[in-house]
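The lines below spell out each chain.
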Amino acid sequence: MLWQHGPMALHRLREIWSEGGTAVGAWVMLRDPLIAEVASRTGYDWVCIDLQHGLAGFEELPGMLQAVALGTAAPLVRVPWNEDWMIGRALDAGAAVRG
């Protein structure tokens, strides 16, 4: 199976939305990267790492993003607050912005 890493997975997610389709995803609230990897390899379109209400923090985020990249899902990150410095930390950890 060909894995869709990073930009390819995000591009596929945008295509689904632009065609009016429904994207199915997993919400990861635990800090174990193995859970994020399993969710990404299960066939979801996206995996969201929840830093707002989940147990993971910015310290775990790089490993979580790397784990999601091992599967086919697009990685999404929910930051605790809509603050520039928090968004910056997520970007520094490897999250991507697609405009």
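Up top is the structure these notes are about.
In this report, the structure presented in the accompanying data block is examined. Once a new chain begins, its residue numbering starts again from 1 and follows that chain's sequence as written. It should be noted that, the model being predicted, local features are given only for residues of pLDDT at least 70 and side-chain atom pairs only at 80 or more, the latter also being counted only at that level, while totals for whole chains, interfaces and linings use all residues. Each side-chain value is derived from all of the structure's non-hydrogen atoms; neither hydrogens nor water enter the calculation.

### Some thoughts on the overall build of the chain
Test applied: Elements are defined by DSSP. Helices are runs of H or I of four residues or more, strands are runs of E of two residues or more, and each kind is numbered from the N terminus. Think of it in three bands: with a 1.4 Å probe and only protein chains considered, a residue is buried below 20% of the maximum accessible area for its type, exposed above 50%, and partly exposed in between. Residue burial considers only the protein chains on display, and all accessible areas are found by Shrake-Rupley using a 1.4 Å probe.
Counting secondary structure elements, the chain contains four helices and three strands. Scanning the chain from its N terminus toward the C terminus, one meets helices and strands in the order α-β-α-β-α-β-α. Counting every position in the chain, which comprises 99 residues, the buried fraction comes to 36%. Accessible area of the chain: about 6000 Å², with a carbon and sulfur share of 57%.

### Points about the nonpolar core
This is how the line gets drawn: Put simply, a nonpolar core is a bunch of buried Ala, Val, Leu, Ile, Met, Phe, Trp, Tyr and Cys residues held in one set by side-chain atoms that sit within 4.5 Å of each other. Contact between two residues is taken to exist if any of their heavy atoms lie within 4.5 Å; hydrogens are not considered.
Counting 20 residues, the largest nonpolar core has V47, I49, L51, F58, L61, L65 and A90 as its most contacted members. Elements with a contribution of two residues or more to this core: strand 1 (25–28), helix 2 (33–41), strand 2 (46–50), helix 3 (61–68) and helix 4 (84–93). Tallying contributions element by element places helix 3 first for this core, with five residues. Beyond its immediate sequence surroundings of up to four residues, V47 is in contact with A26, V28, A39, S40, V68, A73, A74, P75 and L76. Ranked by size, the runner-up nonpolar core spans eight residues in total, among them A9, L13, W46 and C48.

### A short note on the sheet that holds strand 2
In a beta sheet, neighbouring strands are held together by backbone hydrogen bonds and run either parallel or antiparallel to one another. Applicable threshold: Here a strand pair is declared whenever DSSP counts at least two bridges between the two strands. Fitted lines through C-alpha atoms give the axes, limited to the stretch in contact for helices. The angle between two N-to-C directions lies from 0 to 180 degrees.
An order of 1-2-3 is seen for the three strands of this open sheet, with the pairing classed as parallel. Across the chains shown, the open sheet's two edge strands, defined by having one partner strand only, are strand 1 and strand 3 (74–78). In this sheet, adjacent strand axes meet at a mean angle of 20° when their direction is disregarded. Bridge count between strand 1 and strand 2: four bridges; the pairing is parallel. By the bridge assignment for strand 2, G25 is matched with W46.

### Some details on the pairing of strand 3
Along any regular strand the residues' side chains alternate between the sheet's two faces. Put simply, the test is: Here is how to tell: hold the view so the strands point away, follow the path from the first strand over the helix to the second, and if it runs clockwise the crossover is right-handed.
Alignment of strand 2 against strand 3, held across five bridges, turns out to be parallel. Bridging across to strand 3, W46 finds its partner in A74. Handedness of the crossover joining strand 2 and strand 3 through helix 3 is recorded here as right-handed.

### Observations regarding the environment of T22
Secondary-structure assignment places T22 in the loop between helix 1 (6–18) and strand 1. For T22, a relative accessible area of 67% gives the class exposed. Here the alpha-carbon distance between T22 and D45, two residues 23 residues apart in the chain, equals 9.3 Å. Those residues in contact with T22 that sit more than four places away from it in its chain are I16 and D45.

### Things to note about helix 3
Here is the rule we go by: Regarding the arc, it is the one traced by the directions from the helix axis to the C-beta atoms.
Within the span of helix 3, buried status applies to L61, M64, L65, A67 and V68. Buried residues in helix 3, looked at end-on, bunch into an arc of 160°, giving them a common side. Next to the buried residues of helix 3 lie strand 1, helix 2, strand 2, strand 3 and helix 4.

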